[in-house]
Amino acid sequence: MENHTAESCAKSRLAIQDTLEVLNGKWKLLILITLQHRPYRFKELAREIGITPRMLSKELQELEEHQLISRTVLQTKPVSVQYAITPHGTTLDEVLGALRNWGLKHRWKIITAPEAVNP
């Protein structure tokens, strides 16, 4: 494990800042966790997540720019587009799992904790 120095702290902050810039907003993580299970067509993904087509289009474009998802145009009538997580996107599996686990514990604590009812 690395010693805690001003330099290592600055590197950690920069790494977290980079991560937050790539995954900013409330939709990108939900899109990625949904695509972990299987590829989705655009409208299907919008319905599954509950996001407007305009916002989904913007978020997908940014995720594709960061090589976290792939976009495939299917030769169907009418033409449709399918999105899938990339191998680079799967490197976030551990992060998504940790966020999911923390969210479950946090929800349980907030809902069941007596101090949440009577602060």
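Heads up: the structure comes first, above all this text.
### Remarks on the overall build of the chain
Step number 1: Scanning the chain for helices and strands turns up six helices and three strands.
Step number 2: Put simply, the chain runs from its N terminus to its C terminus through helices and strands in the order α-α-β-α-α-β-β-α-α.
Step number 3: When its C-alpha atoms are laid out on the principal axes, the chain stretches across 55 × 45 × 25 Å.
Step number 4: Out of the 119 residues belonging to the chain, those deemed buried represent 25%.
Step number 5: Sequence-distant contacts, at least 24 apart, represent 44% of the contacts inside the chain between residues at least 6 apart.
Step number 6: Accessible surface computed for the chain: about 9,100 Å², of which carbon and sulfur atoms make up 58%.
Step number 7: One way to put it: in the chain the 16 positive side-chain charges average out to a point 10 Å from where the 13 negative ones average out.

### Some remarks on the sheet that holds strand S3 (residues 80-85)
Step number 1: Strand order in the open sheet made by the three strands is S1-S3-S2, with antiparallel pairing throughout. Among the strands making up the open sheet, the edge pair consists of strand S1 (40-41) and strand S2 (69-74).
Step number 2: Sheet analysis places S1 next to S3, joined by two bridges and oriented antiparallel. Directly across from Tyr40, in S3, lies its bridge partner Tyr83.
Step number 3: Helix-sheet contacts for helix H2 (residues 28-35) involve S1, S2 and S3, and the interaxial angle to S3 is about 90 degrees.

### Regarding helix H3 (residues 42-49)
Step number 1: Among all positions in H3, only Leu45, Ala46 and Ile49 are buried. Along the axis of H3, the buried positions cluster into a sector of 100 degrees, meaning they face one direction only. Residues of H3 that are exposed and angled more than 90 degrees away from the buried face: Lys43, Arg47 and Glu48.

### Topic: the pairing of S2
If a strand is regular, its side chains alternate between the two faces of the sheet.
Step number 1: Inspection of the sheet shows S2 paired to S3 by six bridges, in the antiparallel sense. The residue of S3 that forms the bridge with Leu74 is Ser80.
Step number 2: Between S2 and S3, which pair antiparallel and follow one another directly, the connecting turn spans five residues.

### A word on the packing of H2 against helix H4 (residues 53-65)
Step number 1: Two elements in contact, H2 and H4, have axes whose closest approach is 10 Å; the angle formed by their N-to-C orientations is 75 degrees. Taken as axis vectors, H2 and H4 run roughly perpendicular relative to one another. For the pair H2 and H4, contact is made by Lys28, Ile31 and Leu32 and by Leu56, Glu59, Leu60, Glu62 and Leu63, respectively.
Step number 2: Taken together, the residues of the contact of H2 with H4 sort by class into five nonpolar, no polar and three charged.

Cut-offs used in this document
- Every chain is numbered independently, its residues counted from 1 as its sequence is written.
- Local features are withheld for residues below a pLDDT of 70 in this predicted model, meaning they are given only at 70 or higher, and side-chain atom pairs are given and counted only at 80 or more; totals for whole chains, interfaces and linings count all residues.
- Derived side-chain values reflect all non-hydrogen atoms in the structure, with water molecules and hydrogen atoms excluded from consideration.
- Secondary structure elements are taken from DSSP: a helix is a run of H or I of four residues or more, a strand is a run of E of two residues or more, and numbering for both begins at the N terminus.
- Burial classes follow relative accessibility: with a 1.4 Å probe on protein chains only, a residue under 20% of its type's maximum area counts as buried, one over 50% as exposed, and anything between as partly exposed.
- Residues are treated as being in contact if the distance between any of their heavy atoms lies within 4.5 Å.
- We get accessible surface area from the Shrake-Rupley algorithm with a probe of 1.4 Å; when it comes to residues, only the shown protein chains can shield them.
- Charge convention: Lys and Arg are scored as positive, Asp and Glu as negative, and His as well as the terminal groups of each chain are ignored.
- To locate a charge, take NZ of a lysine, CZ of an arginine, CG of an aspartate or CD of a glutamate.
- The rule for pairing is simple: two strands pair if DSSP sees at least two bridges between them.
- Here, axes are lines fitted to C-alpha atoms. For helices the fit covers the stretch in contact, and angles between N-to-C directions go from 0 to 180 degrees.
- It is the directions from the helix axis to the C-beta atoms whose arc is reported.
- The scheme is simple: roughly parallel for angles under 35 degrees, roughly antiparallel for over 145, roughly perpendicular for 65 to 115, oblique for anything else.
- Each residue gets one of three labels, nonpolar for Ala, Val, Leu, Ile, Met, Phe, Trp, Tyr, Cys and Pro, charged for Asp, Glu, Lys and Arg, and polar for the others, Gly among them.

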